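# Survey of secondary and tertiary structure
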Amino acid sequence: MAKSNSNLCAVLLISILIVAASAGSFYDDMDITFGGERAKILNGGQDLSLSLDQYSGSGFQSKHEYLFGRFDMQLKLVPGNSAGTVTTFYLSSQGAGHDEIDFEFLGNSTGNPYTIHTNVYSQGKGNKEQQFHLWFDPTAAFHTYTIVWNSLRIIFLIDNIPVRVFNNNDAAGVPFPKSQPMRVYASLWNADDWATQGGRVKTDWTNAPFTASYRKFNANANKVGPNSVSTSSENDNQSWSTQGLDAAGRNRIRWVQTKHMIYNYCNDRKRFPNGISAECKSSRFL
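Because the structure is a prediction, the values reported are computed rather than measured.

Before going further, it helps to examine the overall build of the chain. Broken down by element type, the chain carries three helices and 15 strands. Out of the 286 residues in the chain, the part that is buried amounts to 46%. Sequence-distant contacts in the chain: of pairs separated by 6 or more residues, those separated by 24 or more amount to 66%. Surface exposure of the chain reaches about 14200 Å², of which carbon and sulfur atoms provide 50%.

Quick look at the structure:
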């Protein structure tokens, strides 16, 4: 019986070590890029907070670059009067012709909803904005925000509910991010010249510092660069590489876009008087 207990303890110890080794850590995955003490890694690397005051915001970026993958981050946004603030979670390459896939969270005055701003840049050109109001309070608890990026499409998800799909229409002359490796970025900064009601509502610095919280980052992705080993393997779940929307996903995105979308560049003929972009004419939810 003593030998059995000893074996059981050994198995449990090995299991604990495996879990500990596989758990993500902001110390291992991210570098603080600006803001100094305003960016804090907490709880042994499991949590990260960003703060904004009248002197500076703060931000971080991934240590590694990726070419396609699924990127999950849990966020709890700035509570109360967050007008003028922007919290972000996005992918980006560097340079004048950069690619970028954006989640931006535009603050608002107390009692008014956050605006979720999404955009896709390819070869330095964006102007692909869609915006949403959420069906929950993003400041009351953590929620999971996901970017799936493969050679076929980009999918934005919130708590695993798809809110937007940007398909690869490169064949129709629409540039698509497909060749430039990107890092993961996040930041909290002041944008009261445009963020809240077109800049009409300014940041109230008496509420500073403003703080947003991040946790449970996961990249199931192709890591690239010198001496890099992909975070995906033959034994990993790589369903993201061909991920699209099934029937349930199409129903959910229709619900989101019917009930919660507040801006779609495809419908903005005043902004684009010469005609909407080619991808707006194709099926949105393939």
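On the basis of which strands lie adjacent, the open sheet formed by seven strands has the order β2-β3-β14-β5-β10-β11-β12 and antiparallel pairing. The sheet is open, and its two borders are formed by β2 (39–42) and β12 (161–167), each paired with just one other strand. Each strand of the sheet is rotated relative to its neighbour by a mean of 20 degrees, with strand direction disregarded. Inspection of the sheet shows β2 paired to strand β3 (residues 47–52) by four bridges, in the antiparallel sense. Looking at the pairing, A39 lines up with L50 of β3.

Turning to the side chain of D53, a few remarks are in order. Locating D53 in the fold gives a position in the loop between β3 and β4 (58–62). For D53, the side chain forms a polar contact with the main-chain nitrogen of Y55, separated by 2.9 Å. Within the structure, D53 has its side chain in polar contact with the backbone nitrogen of S56 (distance 3.0 Å). Discounting residues that sit within four places of it in the chain, D53 has contacts with R38, W205 and A208.

Moving on, we get to helix α3 (residues 247–259). Turn by turn, an α-helix covers 3.6 residues, leaving residues three or four places apart pointing in a common direction. Between its terminal C-alpha atoms α3 stretches 18 Å, which fits the 18 Å expected from 13 residues at 1.5 Å a residue. Regarding α3, the residues found buried are G249, I253, V256 and Q257. Here the buried residues of α3 occupy an arc of 90 degrees about the axis, which is enough to place them on one side. Exposed positions of α3 whose direction lies more than 90 degrees from the buried face are N251, T258 and K259.

Consecutive residues of a regular strand have side chains that alternate between opposite faces of the sheet. A large share of β12 lies buried, amounting to seven of its seven residues. As judged from the six bridges shared by strand β11 (residues 153–158) and β12, these two strands associate in the antiparallel manner. Within the sheet, the bridge partner assigned to I158 lies in β12 and is I161. Adjacent in sequence and paired antiparallel, β11 and β12 are bridged by two residues, among which D159 carries a positive phi angle near 50 degrees.

With that out of the way, let us pick up the environment of S109. Its location among the elements puts S109 in the loop between β7 (100–106) and β8 (115–121). Separated by 87 residues in sequence, S109 and T196 place their C-alpha atoms 8.3 Å apart. At a separation of 2.8 Å, a polar atom in the side chain of S109 contacts the side chain of N112.

Another aspect to go through is the packing of aromatic side chains. One pass over the full model with this rule turns up 15 aromatic pairs. Both rings, one in F89 and one in F103, keep their centres 6.5 Å apart while their planes meet at 10 degrees; by these two values the pair is stacked. Taken together, the positions of F89 in strand β6 (residues 85–92) and F103 in strand β7 put the pair 14 residues apart, joining distant regions of the chain. Residue classification places F103 among the buried positions, given a relative accessible area of 0%. Taken together, a centroid distance of 5.3 Å and an interplanar angle of 15 degrees make the contact between Y90 and Y185 stacked. Separated by 95 residues along the polypeptide, Y90 in strand β6 and Y185 in strand β13 (residues 183–190) bring together distant segments of the chain. Taking relative accessible area as the criterion, Y90 reaches 19% and is therefore assigned buried. Given a relative accessible area of 11%, Y185 falls into the buried group. Every member of this aromatic cluster is reached through a ring pair, and the members are F89, F103, F105, Y145 and F156. The positively charged end of R215 is found above the aromatic ring belonging to F142, 4.0 Å away from the centroid.

The rules we used
Residues numbered from 1 in each chain as written. Predicted model: local features only at pLDDT ≥ 70, side-chain atom pairs only at ≥ 80, totals over all residues. Heavy atoms only, no water. Helix = DSSP H or I, 4+ residues; strand = E, 2+ residues; numbered from the N terminus. Buried < 20%, exposed > 50% of the residue type's maximum accessible area, 1.4 Å probe, protein only. Contact = heavy atoms within 4.5 Å. Areas by Shrake-Rupley, 256 points an atom, 1.4 Å probe, with all protein chains shown as cover. Pairing = 2+ DSSP bridges. Axes fitted to C-alpha atoms, helices over the stretch in contact; angles between N-to-C directions. Polar contact = N/O pair within 3.5 Å; in protein donor to acceptor, adjacent residues only side chain to side chain. Expected span 1.5 Å × (residues − 1). Arc of directions from axis to C-beta. Phe/Tyr/Trp six-rings, centres within 6.5 Å; stacked < 30°, edge-to-face > 60°. Lys NZ or Arg CZ within 6 Å of the ring centre and 35° of its normal.

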